[in-house]
Amino acid sequence: MRGAGRRGMAGGGQDTPQSTMNLLLGTILLLLVLPGEWRARGTREPPGVGDKHHWCCNMTVELEERGNGTPSLDLPRRCSELGHSGSSACTCLRERWLRLLQSAGPALPDRLAGLKVLLLNVSRAVTRNVLITFSPTEGPRMLNMTEKSKAGKIQLPREIFRSLSSRTVRVVVTVLNIQQLGMFKEINQTGQVLNDTVVGIMVGETSISGLRDPVQLTFAHRQLPHGVTQQCVFWDVSRGQAGGWSSSGCITQPGDEGTVCSCDHLTFFTLLLNPALDRSTAQALMAVATAGCGVAMAFSIFTIAFCIFLRCRLRFEKTLRINLGLHVNLVGSLLLLNMAFLLNSGLSNGTQPWTCKVLGGLTHYCLLCCFTWMVLEGCHFYLLFVKVLGTYIHHYLLKLCLVGWGFPVLVVGVAGVIGSYGEYCIQTMDHQVIARLCWITSKRLLVHYITNCGYFGLIFLFNMAVFGVVTQKSCCLQGTGVVQRDRKAWKVALVAVGLFCLLGATWAPVFLTHGTSSAPMLYLFTILNSLQGIFIFIWLVVLYYPKMKETTGSLSHIIRHDKTATVSQD
C-alpha cells in the first residue's frame with residue numbers, strides 16, 4: 001500500500017502543471033459558489049437545519065408541525081413581514097396565528113391589546129337564534145331578545161348548532177382592532193375598514209360554510225360620506241399574496257344607521273368602505289373628460305356646419321330639412337353641454353356662491369336640453385316610420401324647439417327656487433376633497449335623482465323601444481324591395497350604430513357606475529360620451545352625403561314609398 005501510494009504520488013508528480021491548474025480552478029469555483037450558498041442559507045435557515053424548517057420573522061417555522069410551536073399573540077406587531085410576505089413559512093405562521101385567535105381563551109384579552117373575546121357554551125337543542133351585540137370599545141356580549149341596542153349585532157341561526165354532533169358547542173366571538181394588531185391589511189387596499197374593527201366567529205372545532213340560513217352581522221355606523229359604498233367582506237387567506245378581503249358568500253344590505261351582512265359561512269368579517277372615486281382616478285377622469293369635451297366640441301361644430309350646408313343644397317326636400325334641423329338642435333345642445341362642463345371645471349374653484357349657483361344651473365339646463373332633444377329625436381323617428389305624420393304638423397320644427405329649449409327652463413327654474421344649486425364636493429373616506437363642481441348640492445340629491453337619473457331612465461327606455469320599431473320597419477321595407485338591396489352591409493351597420501348613439505345609448509353606462517367596480521364603467525361612460533359627437537358626425541356623413549348625388553334609398557324616398565303603400569292599402 002505504501003508503495004502504491006508512493007507510485008501514485010510519483011505519477012502525480014509527473015503531471016504537476018495540469019494538476020496545479022485543476023487545483024487552482026477548483027479553488028476559484030469553491031470561492032465563488034460557497035459564500036453565496038452560505039449567505040442564502042444564512043437568510044433563510046441556519047446551517048444544519050432540515051428541509052422542513054423555513055425562515056420567517058427571524059424564527060424557524062416547521063411547515064409540518066401541527067401541535068407545538070404556537071406563535072406569540074403580539075407577533076404581528078413585532079414582525080411586519082407576517083402581514084405581507086407570501087412565503088410558505090409566513091403563510092403557515094399566519095394560519096397558526098389565526099387559529100389561535102379563533103380558539104381564543106379567557107386570558108387572551110389580557111395578553112393582547114386590541115382584542116376582546118366572548119366565550120359561550122351553547123346547547124345543541126337551542127330553540128332560538130343566538131343574539132350577540134358588539135362595539136369597538138366594549139367588545140362582544142350576549143343580547144336579550146327584548147333589549148334594544150344601537151351597537152352592532154350578531155345573529156347566529158340555530159341551524160348551526162343542530163347540525164353539529166356534540167351536545168354542547170363552544171362559541172368564540174372576537175372583536176379585533178386591526179390598527180393595534182397590525183394584521184388584516186390587504187396589499188394595495190383602497191377601501192377602509194369601518195372603525196378598524198374586525199369580528200371573528202368560531203363555532204365548534206371545524207369550519208362551517210354553506211349555511212342555508214345565513215349568519216347576520218349588523219355593523220352600526222353614522223351616516224356615511226357621500227360617494228362611499230359599503231361592502232360586506234371576510235378575510236380570505238388564499239387571496240392575493242398574503243390574504244385579502246373577499247365578498248363571496250356575503251350579501252350587503254346598506255342602511256342609514258347600520259349595514260346588515262348576511263353570510264353563509266363563519267370566519268373573520270368586517271364592513272369595507274370603498275370610495276366611489278379615489279384621487280388618482282378622479283384626476284384621470286377629469287383629464288379624459290376635458291380632452292373628450294374639446295374633441296366633441298370640434299366635431300359638434302363640424303356637424304352643425306355640415307347640416308347647414310346640406311339644408312342649403314337640399315332646400316326642396318322638406319322632410320330632410322326638418323330632419324337636419326332636428327339634428328342641429330341636438331348637436332347644439334351637446335355643444336353647449338361640453339362648453340358648460342369646461343367652464344364648470346375651470347371656474348368652480350374659488351368662485352362666489354351666486355356665481356357657482358348660476359354655473360350649476362347652467363350646466364343642469366344644458367344637460368336637460370341634451371336629454372330632451374334625445375327624446376324628441378325618438379318621437380320624430382316614431383312619427384316618421386310608424387305614424388307617418390311628421391311632415392303634416394303645422395310649424396313642426398318650431399314646436400319641437402319650444403319643447404326642447406323651453407321645458408328644461410321650467411325644471412331648472414323650480415330647482416333654483418328651492419336652492420338646489422351650489423358647490424358640490426367629491427370627497428375621499430377621510431373627507432379630503434378630490435374635486436369641486438358647481439352642481440346640485442348634496443342636500444338636494446333627490447332633485448338629481450328625479451330630474452337627471454329618473455328623466456333619462458324614461459327617455460332611454462322609450463328611445464330603445466323606438467329603435468327596435470324603426471329597425472323592424474326598415475327590415476320589412478328591405479324585404480318588400482322598397483329600399484335598395486345592394487347597399488353595403490357596413491354602411492347599414494354604421495347607420496344603425498349612429499342611430500343608436502343619436503337616441504342616447506352612449507349615456508346608458510351611467511346605470512352601471514355604482515359600486516366597488518365602478519371605475520372601469522366610469523372610464524367607459526366618459527369616453528363614450530366624448531365620442532357621441534363624433535358618432536353623430538360620421539352617421540350624418542354616411543347617411544346624408546350621398547343624397548347630394550342621388551335620392552334613391554334616402555330617408556325621404558323610404559317615407560314617400562311608405563306613404564304610397566299606406567294609401568294603396570287604404
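In the block above lies the structure referred to throughout.
Basis of the calculations
- Residues numbered from 1 in each chain as written.
- Predicted model: local features only at pLDDT ≥ 70, side-chain atom pairs only at ≥ 80, totals over all residues.
- Heavy atoms only, no water.
- Pairing = 2+ DSSP bridges.
- Helix = DSSP H or I, 4+ residues; strand = E, 2+ residues; numbered from the N terminus.
- Axes fitted to C-alpha atoms, helices over the stretch in contact; angles between N-to-C directions.
- Disulfide = S-S within 2.5 Å.
- Patch = residues over 30% accessible without salt bridge, like charges linked within 9 Å, V, L, I, M, F, W, Y side chains within 5 Å.
- Areas by Shrake-Rupley, 256 points an atom, 1.4 Å probe, with all protein chains shown as cover.
- Salt bridge = Lys/Arg side-chain N within 4 Å of Asp/Glu carboxyl O.
- Left-handed = near helix turned anticlockwise from the far one by under 90°.
- Contact = heavy atoms within 4.5 Å.
- Nonpolar A, V, L, I, M, F, W, Y, C, P; charged D, E, K, R; others polar.
- Buried < 20%, exposed > 50% of the residue type's maximum accessible area, 1.4 Å probe, protein only.
- Parallel < 35°, antiparallel > 145°, perpendicular 65-115°, else oblique.

K.L.:
What is the right way to look at the sheet that holds strand 13 (residues 250–253) in this model?
P.N.:
What holds strands together in a sheet is hydrogen bonding between their backbones, with the strands either parallel or antiparallel. If you walk across this open sheet you meet the six strands as 5-4-6-10-14-13, and the pairing is antiparallel. Of all strands in the sheet, those bounded by a partner on one side alone are strand 5 (139–142) and strand 13. Going across the sheet, the axis of each strand differs from the next one's by a mean of 20°, ignoring polarity.

K.L.:
Please clarify how the state of the cysteines should be interpreted in this entry.
P.N.:
Linking two cysteines covalently via their sulfur atoms produces the bond known as a disulfide. Applying the stated rule across the entire model yields three disulfides. Between Cys250 and Cys263 runs a disulfide, and the two sulfur atoms are separated by 2.2 Å. For the disulfide bridge between Cys250 and Cys263, the dihedral angle about the S-S bond is near 115°, and by the sign convention the bridge is right-handed. You can see Cys250 sitting in strand 13 and its partner Cys263 sitting in strand 14 (residues 258–263), a full 13 residues away along the chain.

K.L.:
How should a nonpolar patch on the surface be read in this particular structure?
P.N.:
The grouping of Leu398, Leu402, Val403, Phe407 and Leu410 at the surface amounts to a nonpolar patch, some 500 Å² of accessible area in total. Within the fold, Leu410 resides in helix 12 (residues 396–417).

K.L.:
Could you clarify how one ought to interpret the packing of helix 11 (residues 353–387) against helix 12 in this entry?
P.N.:
Relative to each other, helix 11 and helix 12 sit at 145°, their axes nearing to 8 Å. As helix 11 runs across helix 12, the sense of the crossing is right-handed. On helix 12, the residues touching Gly361, His364, Tyr365, Leu368, Cys369, Thr372, Trp373, Leu376, His380 and Leu383 of helix 11 are Tyr396, Leu400, Cys401, Val403, Gly404, Trp405, Phe407, Pro408, Val409, Val411 and Val412. Its residues assigned to classes, the contact of helix 11 with helix 12 comprises 16 nonpolar, five polar and no charged.

K.L.:
Any chance you could explain the pattern of salt bridges here in plain terms?
P.N.:
Pairing between side chains becomes possible if they bear opposite charge and their charged atoms approach one another. Following the criterion strictly, the structure yields three salt bridges and no others. A salt bridge links Arg212 to Glu159; its shortest N-O distance comes to 4.0 Å. Highlighted residues: Arg212 in the loop between strand 9 (197–203) and strand 10 (215–220) and Glu159 in helix 7 (residues 158–162), separated in sequence by 53 residues. Of the charged contacts, one joins Glu186 and Arg239 as a salt bridge, the two residues approaching to 3.7 Å between their closest N and O atoms. Of the two residues, Glu186 is situated in the loop between helix 8 (178–181) and strand 8 (192–193) and Arg239 in the loop between strand 11 (228–236) and strand 12 (244–246); the sequence distance between them amounts to 53 residues.

K.L.:
Mind showing me how you'd approach unusual backbone geometry here?
P.N.:
A negative phi angle is the norm for most residues apart from glycine, just as the trans form is the norm for most peptide bonds. With phi around 60°, Phe184 is a residue other than glycine that occupies positive phi space. Owing to a relative accessible area of 3%, Phe184 belongs among the buried residues under this scheme. One non-glycine residue with positive phi stands out, namely Asn195, at about 55°. Along the chain, Asn195 falls in the loop between strand 8 and strand 9. Judged by its relative accessible area of 47%, Asn195 falls in the partly exposed class.

K.L.:
Explanation requested: the packing of helix 9 (residues 279–313) against helix 10 (residues 318–347) in the structure shown.
P.N.:
Two quantities define a packed helix pair, namely the angle between the helix axes and the distance between the axes. Their axes nearest at 9 Å, the elements helix 9 and helix 10 cross at an angle of 155°. Taken together, the axes of helix 9 and helix 10 lie roughly antiparallel to each other. In this structure, helix 9 crosses over helix 10, and the sense of that crossing is left-handed. Among the residues forming the contact of helix 9 with helix 10, the class breakdown is 17 nonpolar, eight polar and two charged.

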